[in-house]
Number of protein chains: 2
Amino acid sequence: MTNENNANKNNENTGHANKDNKNTGHTKWFAAKGDQSDVVLSTRVRLARNLADAPFPSRLDAQGKQRVTQRVRDAVQNSELNYIDMARLPRLEAFSLAERRLISPEFAAGIPGSGLLLSGDEDVSVMLCEEDHIRIQVLRAGLALRPAYDAADQIDDALGRGLPYAFDENLGYLTQCPTNLGTAMRASVMLHLPGLSSLGRAARLSESIAKLGLTMRGAFGEGSEAEGALYQLSNQVTLGLEESAALENLQAITMQIAEQERRAAAECLRQPQLEDQIWRAWGILQNARRMESREAIHLLSLARMGAARGLLPLPAETLSHLMTLTQPATLSLTEAPPLDAEKRDAKRAELIRNHILSKV
Amino acid sequence: MTNENNANKNNENTGHANKDNKNTGHTKWFAAKGDQSDVVLSTRVRLARNLADAPFPSRLDAQGKQRVTQRVRDAVQNSELNYIDMARLPRLEAFSLAERRLISPEFAAGIPGSGLLLSGDEDVSVMLCEEDHIRIQVLRAGLALRPAYDAADQIDDALGRGLPYAFDENLGYLTQCPTNLGTAMRASVMLHLPGLSSLGRAARLSESIAKLGLTMRGAFGEGSEAEGALYQLSNQVTLGLEESAALENLQAITMQIAEQERRAAAECLRQPQLEDQIWRAWGILQNARRMESREAIHLLSLARMGAARGLLPLPAETLSHLMTLTQPATLSLTEAPPLDAEKRDAKRAELIRNHILSKV
């Protein structure tokens with residue numbers, strides 16, 4: 001079988017990330033409601049794998065990367081994953097994929113010879129020749145560590161049947177960066193912590209968590225309290241700890257943080273100032289005619305807090321979904337030519353209004 | 001007939017400004033729609049009169065004022081006006097009357113021996129022993145100078161039949177302050193000029209108007225551009241100019257300003273920033289849980305501009321009416337004990353939400 005044939009079987013789609021999603025910027029799994037979804041927006045499990053018979057990507061030129069990419073494509077030829085040639089994907093679409101957390105920003109910027117496998121639902125993505133030869137990612141709504149891991153594990157098994165993985169009895173899976181050695185698994189949850197953040201407790205929480213072998217950091221920006229009160233919590237230890245143990249640890253701590261957030265939110269909502277702020281955010285989101293990205297995140301975060309605590313009459317998921325949909329590249333996805341900043345602010349406000357209107 | 005009997009015929013109501021209005025703070029004429037009402041909120045005509053056989057109020061003690069007050073009450077015994085003993089009226093109600101422009105702030109502060117005659121619709125008020133013995137005021141919605149004057153003139157005629165007015169062939173009606181000599185008529189219109197104000201043209205307009213024998217000043221505050229973009233335009237000349245001529249002059253200039261405002265508003269609304277501000281104001285007004293008086297005036301003014309120009313789906317009158325209803329004393333009118341500032345801010349926000357909800 002030639003490479004040409006394989007390419008066709010892989011539903012090659014070089015021009016666009018995903019035809020179905022193109023006109024909406026919708027990441028389908030994201031709008032769904034999951035477990036603990038008042039606090040946990042989403043779960044992501046990522047497995048890094050490398051081929052034993054090829055140098056790490058950093059030591060490969062474009063042709064070398066292209067050959068590895070092709071070998072992995074061949075190994076998944078009968079799967080439901082679509083192949084995307086990253087070199088031929090418009091940058092705007094690539095950046096939108098990064099905004100939707102399907103690929104890394106570095107990968108979106110363009111690495112010659114790299115490729116992407118993406119499921120139609122956008123819940124599975126496999127980056128080829130990013131930092132490692134293979135990075136399998138599975139995304140789920142809410143807190144769903146085990147299901148996400150199981151799905152990633154299945155893809156890993158399928159790939160492993162056809163490809164010679166770099167594996168060492170003592171070090172486990174070999175990865176370019178030594179911090180990934182061992183399971184090479186990074187599991188993370190995206191948390192919305194407006195209560196803890198508003199009380200100024202999120203920064204302190206990050207410090208305590210570091211001692212438990214986990215990392216918590218703001219999803220947007222680098223300030224002491226994250227923009228939009230969105231935090232990503234992930235396992236840090238990959239060596240000497242089995243996947244199940246790492247997942248259970250992350251699960252238990254996530255549940256504890258969620259409980260702390262609920263108490264903090266209840267405390268905040270007893271302050272009339274915050275209740276007023278939430279309602280004002282809600283009024284502005286439904287009426288503004290232009291809105292910058294930063295303000296949108298801030299107001300959507302306030303409104304999401306209100307929705308998660310039963311104050312506002314819509315699902316919290318609608319608001320977190322809007323946090324993604326209103327990111328600059330995703331927002332411009334349907335427009336030709338791409339929007340300038342001013343038109344983007346107008347379109348952002350319009351999208352928010354219409355999206356909320358369709359959900360209340 | 002004794003004074004006691006007269007008092008009864010005058011529908012004496014010493015405890016409250018007006019029973020019907022007490023629970024709403026509603027000034028009935030105000031919510032109505034009048035001519036030019038996109039720009040002109042209301043019209044007021046005031047006539048000052050004094051008795052020939054009594055010193056001006058400033059030279060009367062409380063008993064002396066009381067005697068004059070009683071003589072005027074006797075003269076209007078068969079009218080539809082209710083008598084209010086200002087000394088016995090709770091201060092909160094007095095200040096609310098001032099906020100609704102039915103009496104002057106000085107009169108509301110309390111002048112021993114003074115009294116007030118007030119129609120059930122609150123469109124006619126007669127202050128007794130304020131600066132002059134008699135100050136007849138007629139209020140109308142929109143631009144209605146002639147009807148307001150005619151109504152005031154009728155009351156004036158009725159009073160003049162029973163009372164010896166201080167009148168001089170050369171000086172006309174004699175008044176305490178020489179600036180009122182002559183017709184002793186002050187006609188004014190309340191204008192909403194958000195367009196001119198937003199373009200920074202209102203201050204300059206005030207200057208030009210001064211040369212035409214009129215005065216224009218901010219209704220709230222003393223800044224160069226008035227708070228809420230509300231301006232009061234009134235005739236300045238009372239000597240050597242007949243009432244009709246003064247009214248026609250004021251009418252013509254009001255019409256010109258209204259036209260200028262419409263053009264300015266159209267110019268402003270072509271700026272996307274202002275459109276956005278109007279919609280945001282609209283969203284906040286419908287959702288905020290607490291709001292200070294100053295912010296309320298500002299947002300109501302923006303929303304009124306949107307309503308007057310067909311952008312927002314409610315009558316502009318609803319919003320100007322709210323500017324009055326949300327003033328501190330009027331807002332506290334129904335509460336016992338009177339509200340503190342924080343509760344007032346919460347009640348103000350609630351009143352605005354409910355009032356708008358009932359009109360859209």
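As a reminder, the structure under discussion sits directly above these lines.
Rules and cut-offs
Residues numbered from 1 in each chain as written. Chains lettered and ligands numbered in written order. Predicted model: local features only at pLDDT ≥ 70, side-chain atom pairs only at ≥ 80, totals over all residues. Heavy atoms only, no water. Core = buried A, V, L, I, M, F, W, Y, C linked by side-chain atoms within 4.5 Å. Buried < 20%, exposed > 50% of the residue type's maximum accessible area, 1.4 Å probe, protein only. Contact = heavy atoms within 4.5 Å. Buried area = accessible area lost by both parts, 1.4 Å probe. Salt bridge = Lys/Arg side-chain N within 4 Å of Asp/Glu carboxyl O. Polar contact = N/O pair within 3.5 Å; in protein donor to acceptor, adjacent residues only side chain to side chain. Helix = DSSP H or I, 4+ residues; strand = E, 2+ residues; numbered from the N terminus. Pairing = 2+ DSSP bridges. Axes fitted to C-alpha atoms, helices over the stretch in contact; angles between N-to-C directions. Least-squares fit on C-alpha atoms with pLDDT ≥ 70 in both. Expected span 1.5 Å × (residues − 1). Parallel < 35°, antiparallel > 145°, perpendicular 65-115°, else oblique. Left-handed = near helix turned anticlockwise from the far one by under 90°. Phe/Tyr/Trp six-rings, centres within 6.5 Å; stacked < 30°, edge-to-face > 60°. Lys NZ or Arg CZ within 6 Å of the ring centre and 35° of its normal. Nonpolar A, V, L, I, M, F, W, Y, C, P; charged D, E, K, R; others polar.

Enquirer: What is the right way to read the nonpolar core from this model?
Expert: Side chains of nonpolar character tend, in soluble globular proteins, to be buried together. Ranked by size, the top nonpolar core spans 65 residues in total, and within it A:Met291 and B:Met291 carry the most contacts. Discounting chain neighbours no more than four positions away, the residues touching A:Met291 are A:Ile284, A:Leu285, A:Ala296, A:Leu299, A:Asp345, A:Arg348, A:Ala349, A:Ile352 and B:Arg280.

Enquirer: Just checking my understanding: could you explain the interface of chain A and chain B for this structure?
Expert: Reports often express the size of an interface as the amount of accessible area lost when the parts come together. If you look at the interface, chain A gives 14 residues, while chain B gives 14 residues. Roughly 1500 Å² of surface becomes buried between chain A and chain B when both sides are summed, with 52% attributable to carbon and sulfur atoms. There are two salt bridges connecting chain A and chain B. With a closest N to O distance of 2.7 Å, A:Glu295 and B:Arg280 form a salt bridge. The interface formed by chain A and chain B includes eight residue pairs in polar contact (both at pLDDT 80 or more).

Enquirer: Which parts of the structure should I look at to understand the environment of B:Ile257?
Expert: Along the polypeptide, B:Ile257 turns up in helix α9 (residues 243-269). Along the chain, B:Ile257 and B:Glu130 lie 127 residues apart, while their C-alpha atoms are 32 Å from each other.

Enquirer: Before we go on, may I ask you to explain the sheet that holds strand β4 (residues 124-128) of chain B in this structure?
Expert: For sheets, the rule is that strands pair by backbone hydrogen bonds, running either parallel or antiparallel. Residue and element names in this part refer to chain B. Here we have eight strands laid out as an open sheet, ordered β2-β3-β4-β5-β1-β8-β10-β9, and antiparallel in their pairing. Edge positions in the open sheet fall to β2 (82-85) and β9 (214-218), since each of these has one partner strand only. In this sheet, adjacent strand axes meet at a mean angle of 20° when their direction is disregarded. Relative to strand β5 (residues 134-141), β4 runs antiparallel, the two being bridged by five bridges.

Enquirer: So what exactly am I meant to see when it comes to the relation of the copies chain A and chain B here?
Expert: One copy of the chain maps onto the second through a rotation about an axis and a displacement along it. Aligned on chain B, chain A shows an RMSD of 0.0 Å; the corresponding rotation is 180° and the shift along the axis is 0.1 Å. The relationship between the two copies is best expressed as a two-fold rotation axis. In terms of C-alpha distance to the rotation axis, chain A has A:Gly283 as its closest residue, with the C-alpha 2.0 Å off the axis. Both copies share a contact surface, since 100% of the interface residues of chain A are interface residues in chain B too.

Enquirer: Is there a simple way to explain the sheet that holds strand β9 (residues 214-218) of chain A in this structure?
Expert: All names here are of chain A. With antiparallel pairing, eight strands are arranged side by side in an open sheet as β2-β3-β4-β5-β1-β8-β10-β9. Each of the sheet's edge strands pairs with one partner strand only, and the pair in question is β2 (82-85) and β9. On average, adjacent strands in this sheet sit at an angle of 20° to one another, irrespective of strand direction.

Enquirer: Would you mind showing me how to read helix α3 (residues 62-75) of chain B here?
Expert: Note on helix geometry: an α-helix contains 3.6 residues per turn, so any two residues three or four positions apart are oriented the same way. Compared with the 20 Å implied by 1.5 Å per residue over 14 residues, the 20 Å span of α3(B) between its first and last C-alpha is a close match. Of the residues making up α3(B), those classed as buried are B:Gly64, B:Lys65, B:Val68, B:Thr69, B:Gln70, B:Val72 and B:Arg73.

Enquirer: Whenever I open this one, the packing of helix α6 (residues 145-162) of chain A against helix α9 (residues 243-269) of chain A confuses me. Can you help?
Expert: The relative placement of two packed helices comes down to the angle between their axes together with the axis-to-axis distance. Residues and elements named next belong to chain A. Viewed as axis vectors pointing N to C, α6 and α9 meet at an angle of 150°, and their least axial separation amounts to 10 Å. The orientation of α6 with respect to α9, classified from their angle, is roughly antiparallel. The hand of the α6/α9 crossing is right-handed. Contacts between α6 and α9 involve Leu145, Arg146 and Tyr149 from the first element and Glu243, Ser244, Leu247, Leu250 and Gln251 from the second.

Enquirer: Could you clarify how one ought to interpret unusual backbone geometry in this entry?
Expert: Negative phi is the rule for most residues except glycine; trans is the rule for most peptide bonds. Not every positive phi belongs to a glycine, and A:Ala184 is a case in point at roughly 55°. With respect to the element layout, A:Ala184 can be found in the loop between β7 (172-173) and β8 (185-192). The buried category is assigned to A:Ala184, whose relative accessible area is 0%. Phi angles above zero are rare outside glycine, and B:Glu122 is one such case at about 60°. Following the sequence through the fold, B:Glu122 ends up in the loop between β3 (115-118) and β4.

Enquirer: Teacher, can you tell me more about the pairing of strand β10 (residues 230-235) of chain A here?
Expert: For a regular strand, the rule is simple: side chains alternate between the two faces of the sheet. Residue and element names in this part refer to chain A. Among the six residues in β10, six count as buried, and that is most of the element. Along β10, one buried face is formed by Leu230, Gln232 and Ser234 and the opposite face, lined by Tyr231, Leu233 and Asn235, is buried too. Sheet analysis places β8 next to β10, joined by five bridges and oriented antiparallel. Within the sheet, the bridge partner assigned to Ser188 lies in β10 and is Ser234. Bridging between β9 and β10 involves five bridges; their strand directions are antiparallel. Its bridge partner lying in β10, Thr215 is registered against Ser234.

Enquirer: So what exactly am I meant to see when it comes to the pairing of β5(B) here?
Expert: All names here are of chain B. The element β5 is largely enclosed, with a buried count of seven among its eight residues. Inspection of the sheet shows strand β1 (residues 40-49) paired to β5 by eight bridges, in the antiparallel sense. Opposite Arg49, over in β5, you have Ile134 as the bridge partner. Taken together, β4 and the strand that follows it, β5, pair antiparallel across an intervening segment of five residues, in which Cys129 is found at a positive phi of about 60°.

Enquirer: Any chance you could explain the packing of aromatic side chains here in plain terms?
Expert: Each aromatic ring pair is described using two quantities: the centre-to-centre distance and the angle formed by the ring planes. All names here are of chain A. Under the defined criterion, the tally for this structure stands at four aromatic pairs over all chains. On the numbers, 4.9 Å between centres and 70° between planes, the contact of Phe167 with Tyr173 is edge-to-face. An aromatic cluster is present here, built from Tyr165, Phe167 and Tyr173 joined pairwise through their rings. Its guanidinium or amino end placed over the ring of Tyr83, Arg73 lies 3.7 Å from that ring's centre, counting from NZ or CZ.

Enquirer: How should the side chain of B:Thr69 be read in this particular structure?
Expert: You can see B:Thr69 is positioned in helix α3. Setting aside residues no more than four positions away along its own chain, B:Thr69 makes contact with B:Tyr83, B:Gly113, B:Ser114, B:Gly115, B:Leu128 and B:Cys129.

Enquirer: It is not clear to me how the side chain of B:Ser301 should be interpreted in this structure. Could you clarify?
Expert: By secondary structure assignment, the location of B:Ser301 is in helix α11 (residues 293-308). Discounting chain neighbours no more than four positions away, the residues touching B:Ser301 are B:His192, B:Pro194, B:Gly228, B:Ala229 and B:Met323.

Enquirer: Whenever I open this one, the packing of helix α12 (residues 316-325) of chain B against helix α14 (residues 341-357) of chain B confuses me. Can you help?
Expert: All names here are of chain B. Between α12 and α14, whose axes approach to 11 Å, the crossing angle comes to 155°. Taken together, the axis directions place α12 and α14 in an arrangement best described as roughly antiparallel. In this structure, the crossing between α12 and α14 has a hand that is right-handed. Residues Thr318, Leu319, His321, Leu322 and Leu325 of α12 pack against Leu351, Ile352, His355 and Ile356 of α14. Taken together, the residues that form the contact of α12 with α14 break down as six nonpolar, three polar and no charged.

Enquirer: Explain the environment of B:Ala219 to me, please; I cannot follow it from the model alone.
Expert: All names here are of chain B. Here Ala219 is to be found in the loop between β9 and β10 (230-235). For Ala219, a relative accessible area of 22% puts it in the partly exposed group. Expressed as a C-alpha distance, the spacing of Ala219 and Tyr231, which sit 12 residues apart in the sequence, is 5.0 Å. Ignoring any residue separated from it by four or fewer positions in sequence, one finds Ala219 in contact with Arg101, Met190, Ala226, Leu230 and Tyr231.

Read these as spatial facts, not as claims about activity.
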